[in-house]
Amino acid sequence: MTLLTHPSPGTTSSTVCPFCNGGRTHEISFNVTNTGTEILYICHRASCGKSGRYFVDGDVPEDLFPKPRWKPQVRTPSKVELQQLIDKYHLTPDELSRLRPQMCVDTKQKRCWYPVFGPHGSTHGGVARSLEPGVRPKVLTYLDDTSYHLGSWYLHTSGVERIALVEDQVSAARLSGYVTTIALMGAHLHHDLLMFLARHRVKHLFIALDSDAFDKAVKMSQSISPYFPKTTVVPLDVDIKNDTRAPTWLIR
Ligand SMILES: [Zn+2]
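Described in the following lines is the structure provided in the data block. What you see is a predicted model, and the numbers here were worked out from it, not measured in a lab. Chains are numbered independently. Their residues run from 1 in the order of the written sequence. Where local features are concerned, this predicted model is filtered to residues with pLDDT of at least 70; where side-chain atom pairs are given and counted, the filter is 80 or more; whole-chain, interface and lining totals use all residues.

1. Observations concerning the overall build of the chain
- Secondary structure counts use DSSP, requiring at least four H or I residues in a row for a helix and at least two E residues in a row for a strand, with both numbered from the N terminus. From N to C terminus, the chain includes 6 helices and 14 strands.
- Over its C-alpha atoms, taken along the principal directions, the chain stretches across nearly 65 × 45 × 30 Å.
- By residue count, 26% of the 252 residues in the chain fall in the buried class.
- Counting contacts in the chain only where the partners sit at least 6 residues apart, residues at least 24 apart contribute 51% of the total. Counting other C-beta atoms within 10 Å of each residue's C-beta, where C-beta atoms are placed from the backbone, gives the exposure class: buried for 20 or more, exposed for 12 or fewer, partly exposed between. Distance between backbone-placed C-beta atoms decides contact: two residues are in contact if it is within 7 Å.

2. Here's the deal with the sheet that holds strand β10 (residues 152-154)
- Paired strands, in this sense, are two strands between which DSSP finds at least two bridges. With mixed pairing, the 5 strands of this open sheet are ordered in space as β10-β12-β11-β13-β14. The sheet is open, and its two borders are formed by β10 and β14 (230-233), each paired with just one other strand. Geometrically, the sheet is characterised by an average inter-axis angle of 20° between neighbouring strands, direction not taken into account.
- Sheet topology places strand β13 (residues 204-207) next to β14; 4 bridges connect them, and they run parallel. In the strand pairing of β14, Leu205 is matched with Thr231. Fitted lines through C-alpha atoms serve as axes, helices being fitted only where they are in contact, and the angles separating the N-to-C directions of these axes extend from 0 to 180 degrees.

3. Some points on the environment of Gly134
- In this fold, Gly134 is placed in the loop between β8 (123-130) and β9 (139-143).
- A residue is classified by how many C-beta atoms lie within 10 Å of it, and Gly134, with 7 of them, is exposed.
- Residues Gly134 and Leu85, spaced 49 residues apart in sequence, show a C-alpha to C-alpha distance of 17 Å.

4. Re the pairing of strand β11 (residues 162-166)
- β11 sits mainly inside the fold: 4 of its 5 residues count as buried.
- One ladder, built from 4 bridges, connects β11 with β13; its direction is parallel. Opposite Ala164, over in β13, you have Phe206 as the bridge partner.
- Of the strand pairs in this sheet, β11 and strand β12 (residues 180-183) are connected by 4 bridges, and their pairing is parallel. Among the inter-strand pairings, Ala164 is bridged to a residue of β12, identified as Thr181.
- A clockwise course of the path from the first strand over the helix to the second, judged with the strands pointing away from the viewer, identifies a crossover as right-handed. Between the parallel pair β11 and β12, the chain is carried across by helix α3 (residues 169-175), and the sense of this crossover is right-handed.

5. A look at the nonpolar core
- Nonpolar cores are built from buried Ala, Val, Leu, Ile, Met, Phe, Trp, Tyr and Cys residues. These are joined into a set through C-beta atoms within 7 Å. Counting 41 residues, the largest nonpolar core has Ile163, Ala164, Leu165, Val166, Ile207 and Ala208 as its most contacted members.
- In terms of residues, this core owes the most to one element, strand β7 (residues 111-117), which gives 5 residues.
- Ignoring anything within four residues of it in the chain, the contact list for Ala208 reads Ala164, Leu165, Val166, Val234, Leu236 and Ile240.
- Of all hydrophobic cores here, the second largest spans 5 residues; its members include Cys17, Phe30, Ile39 and Cys43.

6. Some thoughts on the environment of Val116
- Structurally, Val116 is set in strand β7.
- Judged by the 22 C-beta atoms lying within 10 Å of it, Val116 is buried.
- The spacing of Val116 and Ser130 is 14 residues in sequence and 16 Å in space, taken between C-alpha atoms.
- The residues contacting Val116, other than those within four sequence positions of it, are Thr123, His124, Gly125, Gly126, Val127, Leu143 and Ser152.

7. Re the pairing of β12
- Burial along β12 is two-sided: Thr180 and Ile182 facing one way and Thr181 and Ala183 facing the other are all buried.
- Relative to β12, β10 runs antiparallel, the two being bridged by 3 bridges. Following the sheet pairing, Tyr154 is matched in β12 by Thr181.

In structure tokens:
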């Protein structure tokens, strides 16, 4: 079994790249061409650029076989590690208990582990985030089930009539002190999550992406506003994870 779709002879098909997964927006950047004798493949994302070829009747290159997926082992953070995390984001005990951070034990670099919580509280894997500057990739996401696209949920006692969307889990753990918040784990709202929110009759959706993603937030709002009575794009001057002030935009 290979990772590639096989177009019929003489045709090209485009898909999400099996090597880079199309980045965080899951761009359709991977072209596979069947010349009749050869399969040619190339990813057009500059940061990936994976390409190659093999004969239709020949052996499939080894790197096209699916690799066993990384499943991290986690442990409880030490007092010092926990304090580092608290100091970095000025986390309150409540915010910390909602984030429920752990430490990865089997990664090359030191990484925190933030569990991904589904809308009903069950966990669906997590995000391994480096806290040291310059480490790439900064974020490794592991989901138990690759078909899970509902983000990481942090429920507030006020329920789900009002919901805020943010990029990362630290921001979500903070903002959920005021409103039910979902971390998209990126700046992309997956169709499954959109449909889930629309079905659950969310009345007011706040889009509070990081300050450098304001344009994305506006675009997102334009495409999803038909599904909700009210959609608000929140312009942030400081990202929520770095901002300990109460969200006045939510309260007023
Ligand atoms: Zn790629």
